Amino acid sequence: MVKEQIKPMTSRERVLAGLRREPVDRTPVCNPTSVATVELMDLVDAHFPEANRNPEMMARLAATGYTEIGFDSIMPVFSIIQESSALGCKMQWEQKDNWPTVRMREPIWRDVEDVVIPNDFLTHPDTACVIECIKILKKEYGDDVAIIGKTMGPWTLGYHCFGVEPFLLMSLDDPGKTKLALERMKEATIQFGMAQIEAGADALTVPDHATGDLVSGEYYDRYLKDMHAEFVDLLPVPLILHICGRTVDRMNSIAETGIAAFHFDSKNKPQESMDIIEDRISLVGNINNPETLYAKGPDAVRDEVCANLDAGVHMVGPECAIPLQTAIENLTAIPNAVKEWHSRRESH
Amino acid sequence: MADLQDISNEKIRQEIEEFVENPDEIERNIETFARVRPLMQEIAAALIEGDDGTVDALTKQALEDKIDALEIMDDGLIAAMGVVGIKFRDNYIFVPEVLACARAMKAGMAYIEPILSASGVEPLATVIMGMVKGDLHDIGKNLCIMMLRGSGFNVVDLGVDTSDDEFIDAVEEHSAPILGMSALLTTTMPNMGKTIEAFIDADMRDDVKIMVGGAPVTQEFADDMGADAYGKDALECVAVAKGFLSVQA
Ligand code: B12
Ligand SMILES: [Zn+2]
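The rules behind each value
Residues numbered from 1 in each chain as written. Chains lettered and ligands numbered in written order. Predicted model: local features only at pLDDT ≥ 70, side-chain atom pairs only at ≥ 80, totals over all residues. Heavy atoms only, no water. Helix = DSSP H or I, 4+ residues; strand = E, 2+ residues; numbered from the N terminus. Buried < 20%, exposed > 50% of the residue type's maximum accessible area, 1.4 Å probe, protein only. Near = heavy atom within 4 Å. Polar contact = N/O pair within 3.5 Å; in protein donor to acceptor, adjacent residues only side chain to side chain. Nonpolar A, V, L, I, M, F, W, Y, C, P; charged D, E, K, R; others polar. Patch = residues over 30% accessible without salt bridge, like charges linked within 9 Å, V, L, I, M, F, W, Y side chains within 5 Å. Areas by Shrake-Rupley, 256 points an atom, 1.4 Å probe, with all protein chains shown as cover. Salt bridge = Lys/Arg side-chain N within 4 Å of Asp/Glu carboxyl O. Lys, Arg positive; Asp, Glu negative; His and termini not counted. Charge placed at Lys NZ, Arg CZ, Asp CG, Glu CD. Axes fitted to C-alpha atoms, helices over the stretch in contact; angles between N-to-C directions. Parallel < 35°, antiparallel > 145°, perpendicular 65-115°, else oblique. Left-handed = near helix turned anticlockwise from the far one by under 90°. Contact = heavy atoms within 4.5 Å. Donors = N, O, S within 2.8 Å, 3.2 Å for Na, K, Ca; no water.

### Considering the environment of Asp165 of chain B
Here's step 1: Looking at the secondary structure, you find Asp165 of chain B in helix H8 (residues 164-173).
Here's step 2: Using a relative accessible area of 54% as the deciding quantity, one classes Asp165 of chain B as exposed.

Printed below as a string of structure tokens:
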């Protein structure tokens, strides 16, 4: 909701208002997932893989989302693997030009009994790094910018720890066991989320890849809807659920969880998505990554931004982790396009 | 021309009626299943259900009844995978269900494979498949592999994060006429082109047909990289591989 008479807001106020669907001075620009690009790494001398493991470097690289690109939030987790590493998964840290990943072909768990959250889960270097980084960012930018943390949901942890195929087969063969495994894994989501809130996070992204590219909408209802609603009760900051890929068939269920916002992918049309959520939650998104941000230019980016704004999407940003080779000018095109759109509207 | 009512198995009739929409595909499936014997239809129905126990038992029974292993593979297992591929492409089923069907296929093939190789029956061809360097998304590639195997190809799976050398060595070792590469990341897509370069440098580019795929890959990108073909889903992957063979023949 945009009211012309509203007084200028800080980036932080704008994002927090956007998450509550309250009036804003202009639509917040926000990426609840990674902003890292190779160009930005060079700019602040904080490169992958170190920037995923060293809190100062992580903070430096994350802050470029605000200082260089002009987003209204800072979200410092560039991967989806910090907690999986702390859970004991085999890691592939990769190089400057690729994201680190879990070797899902060498899973660490086979059965529910194996699901144990280690005692050092929050002091493991790869989770502690994020917590430490949030403290740094809070201190340096916390008054002006929304600091968003990230804690992975149990479904994605399941892919990492059981391996995607064994986990998906278990979900079909033994729903009871799968639910139990999710119940146990969700402790990791809650612990890591709480620790980031204590460190100063204003909001949390919760990625949980139950996407239409992999599983049915009925799966979302069966396994995750109630659990996501429970996260809303247990984690006392606004939550942004992230599921990339096709999700329109489960957006109604997502809206029913009471989550503050949903970060949606370009495979779902802005207007169609807005119609489904019916003002129950906020939407963040959905500028296409591989085709638009990575491969096209600022004009194409502007068109997608406008499509979102025209549909009334509450916060605008990329659909998922920004491709690492994306040009900075394509990213700055997002806030620029948002500002242009608003000034066009005011002059009417 | 056969008619739906010519198929004796009710489950197969229902599957075709409910989930197959494309007229050519309807016709092809009716032709196939109307022709095959009831036990093969039963095997196919169990595979489509993802019921590996039943596929296991029925395959064993069919072999005991002296039905030819090749017939069981073609008329039971492969025919069923065709329906599975269509249902997945058209979003009637999702990855877990397809994985269960693949497991059922494997249960049947566990009996068939040793018989076929002992009797010297050749697969259609060998296909080398792998995710390019740096890419660990393997669900789509694995579905392609299943459909290729489910269509009679022998597939060597190089897994994820495959280097140029691994691709080259595998093509050489297996004298494979077809290579498939998959990438899901913009950061790893260019590695397709690098691997193709490596084949040129190794003087092997003419020995192998190269197909590429994965969500961000497009026909245009495939052309730029110098690939021979692009496929947008697992069914196209099979069609492309078959197309390579007919060109060679
Ligand atoms: C599931 C998923 C994951 C899983 C992967 C599990 C696994 N073992 O595969 C997890 C959660 C672990 C994951 C991790 C990451 N992911 Co991911 N992931 C996805 C997601 C949601 C679905 C991909 C998928 O499996 N689709 C289903 C399969 C069946 O489709 P498919 O792979 O396209 O395959 C079909 C066709 O393409 C074709 N095909 C495939 N291969 C081939 C080959 C040939 C020869 C042919 C002919 C055809 C063909 O047939 C298949 C069957 O029909 C996509 C989003 C999306 N909508 O695509 C993001 C996505 C691919 N991921 C993305 C990212 C960024 C990541 C991470 C970097 C996240 C991070 N920040 O850490 C990591 C990187 C891992 C790595 N280094 O590889 C981005 C990539 C963006 C980019 N610019 O490159 C995407 C596009 C999300 C987005 N919208 O931005 N991911
Ligand atoms: Zn994503």
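Here the narrative resumes, following the displayed structure.
### Focus on the site of ligand 1
Here's step 1: In the vicinity of ligand 1 lie 47 residues, with Leu136, His137, Asp138, Ser182 and Thr186 of chain B positioned nearest.
Here's step 2: Near ligand 1, the surrounding residues belong to chains A and B.
Here's step 3: At 2.7 Å, a backbone N or O of Thr186 of chain B approaches an oxygen atom of ligand 1.
Here's step 4: Within the contact set of ligand 1, an oxygen atom lies 3.4 Å away from a backbone nitrogen or oxygen of Gly214 of chain B.
Here's step 5: Mapped onto the shell around ligand 1, the elements with two or more residues apiece are helix H7 (139-149), strand S3 (178-182), strand S4 (209-213) and helix H11 (234-248) of chain B.
Here's step 6: For the shell around ligand 1, the leading source of residues is H7 of chain B, giving four residues.
Here's step 7: Along the lines of polarity and charge, the residues of the shell around ligand 1 split into 23 nonpolar, 16 polar and eight charged.

### Points about a negative patch on the surface
Here's step 1: A cluster of acidic residues, Asp165, Glu166, Asp169, Glu172, Glu173, Asp203, Asp206 and Asp207 of chain B, forms a negative patch at the surface.
Here's step 2: Accessibility expressed as a relative area gives 48% for Asp207 of chain B, which makes it partly exposed.

### Considering the packing of H8 of chain B against helix H9 (residues 190-201) of chain B
Two packed helices can be described by the angle between their axes and the distance between those axes.
All names here are of chain B.
Here's step 1: Axis separation between H8 and H9 bottoms out at 9 Å; the angle between their running directions is 50°. In terms of their interaxial angle, H8 and H9 are classed as oblique. Crossing angle aside, the handedness with which H8 passes H9 is right-handed. The segment H8 lies against H9, with Asp164, Phe167, Ile168 and Val171 engaging Lys194, Thr195, Ala198 and Phe199.

### Concerning the coordination of the zinc ion (ligand 2)
Residue and element names in this part refer to chain A.
Here's step 1: On the protein side, the zinc ion (ligand 2) has His242 (NE2), Cys244 (SG) and Cys320 (SG) as donor atoms, found 2.1 to 2.3 Å from it.
Here's step 2: A distance of 6.0 Å spans the gap from the zinc ion (ligand 2) to the cobalt atom of ligand 1.
Here's step 3: Residue classification places Cys244 among the buried positions, given a relative accessible area of 18%.

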